Amino acid sequence: MRAARRRTPLDSPFRPRSTMTAPNAPVPSLPGTVLATVAAAALLLLLPQAGTALELSEALAQGAPARRMRDFWHVFAAYAIAWLLLGGWVVAIVRRLGRVESRLAELPDADQIRDGGRQGEGPSA
Amino acid sequence: MSLSLRGVRMGALALGIPGVLLTVYFHWLIFFEVPTEASMGIVQRIFYIHLPAAWIAFLAFGIVALCSAVYLWLGEEKLDQAARSAAEGGVIFTTIVLTSGPLWGKLAWGTWWTWEPRLTLTLLLWFIYLGYFMVRNATETPERGKRFAAVVGIVGALNIPLIHMSVLWFRSLHPQPVVARTDGPQLDPQMLNALLWALAAWTLLFFALFLLRYGTARLEGEVEAREAAARRRPSAPASAGPGPSGPASPGPVSPGPGTSSAGGSG
């Protein structure tokens, strides 16, 4: 309870790590989209159960054999694994993109490096 | 920066949002509209993710082979980045095929796995593309690793027609094709409709994620280039005269700072 009160927006677990470690780095707007995608994926994970609810309730009412109940679980597991794999790929890409963006923000542009070299030479020459 | 990150994001969103909406729609079709198959029952609904995942995996590995072949010919870095991005997607979708298949097979065939041609070749395909990633990091130089990986990417794709034809050429427990047939699809129209929507949705999602991954790979290349330029910068005044030859061979040009610092610390 006390920990929940102390939590500030900066401590949000949904905030990308890159912005917590490097406050000056630009905040990528993509994670919002990704969260929405993950939420949609979570909804899809529930759909197989919801969609087969009628058949499932009928099966339960009729005292379905274990074999029939196992069918439902296999379908649910197949869809869940598929969406977890795809969701994992999305999360991996977005995390990688966030890291690269923050690294890119820290590094000077290639032109700046070249100009910087010349400027460095200028005064001494 | 040569690559517009905004453009990549917009492209990924333009493909991803319809992909997610179509995905919701095809799930609705699968679980509310499509009739239950008479002999196998509800477990047959795994078919609507199993088959599209296989098709998209083949598409991804086709992209890998194409980009790898052109990479070996032209040597352009972005082709290798595209091949690597597609290979990631291909491995993900092949994993979906290899997990959803046994979950279906256990109830349809009574076994999780059997060493019949199509299953064995699909497992081989998965291992080949795992090797594609391993071979990149197993060489002395990154360039060499990329060329070896490109060869693996091309050789791996030769397995795809074998997988498709294996059920026709060999005696197989796996069913014969029901959609990609010369005499047209042999599937209930509602089932075919749901299958095609599923295929469209996952194809859009795949291309959205592929684009995002490719954009990330391009940015990683940009980071590496900037880091290399920043590393070369201190030695630039020393070789300011000839210019172009200086940065191309950082090793022989500037052995001094590295050895001196190592000697100093010792």
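The following refers to the structure shown. (Residues numbered from 1 in each chain as written. Chains lettered and ligands numbered in written order. Predicted model: local features only at pLDDT ≥ 70, side-chain atom pairs only at ≥ 80, totals over all residues. Heavy atoms only, no water.)

1. Quick notes on helix α2 (residues 47-74) of chain B
At step 1: Between the first and last C-alpha of α2(B) there are 40 Å, a value that for 28 residues agrees with the 40 Å anticipated at 1.5 Å per step.
At step 2: Just beyond α2(B), the residue with positive phi is B:Gly75, at close to 75 degrees. (Helix = DSSP H or I, 4+ residues; strand = E, 2+ residues; numbered from the N terminus. Expected span 1.5 Å × (residues − 1).)

2. Comments concerning the environment of B:Arg144
At step 1: The residue B:Arg144 is located in helix α5 (residues 142-157) in this model.
At step 2: Between the C-alpha atoms of B:Arg144 and B:Gln176, which are 32 residues apart in sequence, the distance is 41 Å.

3. Digging into the packing of helix α3 (residues 77-108) of chain B against helix α4 (residues 117-136) of chain B
Residues and elements named next belong to chain B.
At step 1: Contact geometry for α3 and α4: axes closest at 10 Å, N-to-C directions at 145 degrees. α4 is crossed by α3, and the crossing has left-handed handedness. Residue-level contacts link Asp80, Ala83, Arg84, Ala87, Glu88, Val91, Thr94, Thr95, Val97 and Leu98 of α3 to Thr122, Leu123, Trp126, Tyr129, Leu130, Tyr132, Phe133 and Arg136 of α4.
At step 2: Residues that form the contact of α3 with α4 fall into these classes: 11 nonpolar, three polar and four charged. (Axes fitted to C-alpha atoms, helices over the stretch in contact; angles between N-to-C directions. Left-handed = near helix turned anticlockwise from the far one by under 90°. Contact = heavy atoms within 4.5 Å. Nonpolar A, V, L, I, M, F, W, Y, C, P; charged D, E, K, R; others polar.)

4. Describing a nonpolar patch on the surface
At step 1: A cluster of nonpolar side chains, contributed by B:Leu72, B:Val151, B:Val155 and B:Leu158, occupies part of the molecular surface with about 350 Å² of accessible area.
At step 2: Topologically, B:Leu72 is positioned in helix α2. (Patch = residues over 30% accessible without salt bridge, like charges linked within 9 Å, V, L, I, M, F, W, Y side chains within 5 Å. Areas by Shrake-Rupley, 256 points an atom, 1.4 Å probe, with all protein chains shown as cover. Salt bridge = Lys/Arg side-chain N within 4 Å of Asp/Glu carboxyl O.)

5. Observations regarding the packing of aromatic side chains
At step 1: In the structure shown here, the tally under the stated rule is 19 aromatic pairs over all chains.
At step 2: Taken together, a centroid distance of 5.3 Å and an interplanar angle of 65 degrees make the contact between B:Phe206 and B:Phe207 edge-to-face.
At step 3: The exposure class assigned to B:Phe207 is partly exposed, which follows from its relative accessible area of 30%.
At step 4: When the ring of B:Phe206 is compared with that of B:Phe210, the centres are 5.9 Å apart and the planes differ by 15 degrees; the resulting orientation is stacked. Of the two residues, B:Phe206 and B:Phe210 are both situated in helix α7 (residues 189-232); the distance of four residues between them amounts to about one turn of the helix.
At step 5: Residue class for B:Phe210 comes out buried when judged on its relative accessible area of 13%.
At step 6: Of the aromatic side chains, those joined through ring pairs into one cluster are A:Trp83, B:Phe26, B:Phe93, B:Trp202, B:Phe206, B:Phe207, B:Phe210 and B:Tyr214. (Phe/Tyr/Trp six-rings, centres within 6.5 Å; stacked < 30°, edge-to-face > 60°. Buried < 20%, exposed > 50% of the residue type's maximum accessible area, 1.4 Å probe, protein only.)

6. Here's the deal with the layout of surface pockets
Residue and element names in this part refer to chain B.
At step 1: The calculated volume of the largest pocket comes to roughly 830 Å³.
At step 2: Looking at the largest pocket, it is lined by 37 residues, and the ones nearest its centre are His50, Leu51, Arg118, His174 and Pro175.
At step 3: Looking at the lining of the largest pocket, the elements that each hand over two or more residues are α2, α3, α4 and α6 (159-169).
At step 4: It is α3 that provides the largest number of residues to the lining of the largest pocket, a total of eight residues.
At step 5: Within the lining of the largest pocket, the residues separate by chemical class into 26 nonpolar, nine polar and two charged. (1 Å grid on protein atoms, 1.4 Å probe; cavity = no way out; pocket = protein on both sides within 12 Å on 5 of 7 lines; lining within 4 Å. Points joined across faces, edges and corners; volume = space filled by probe spheres on them.)

Purely spatial values, then, with no claim about function.
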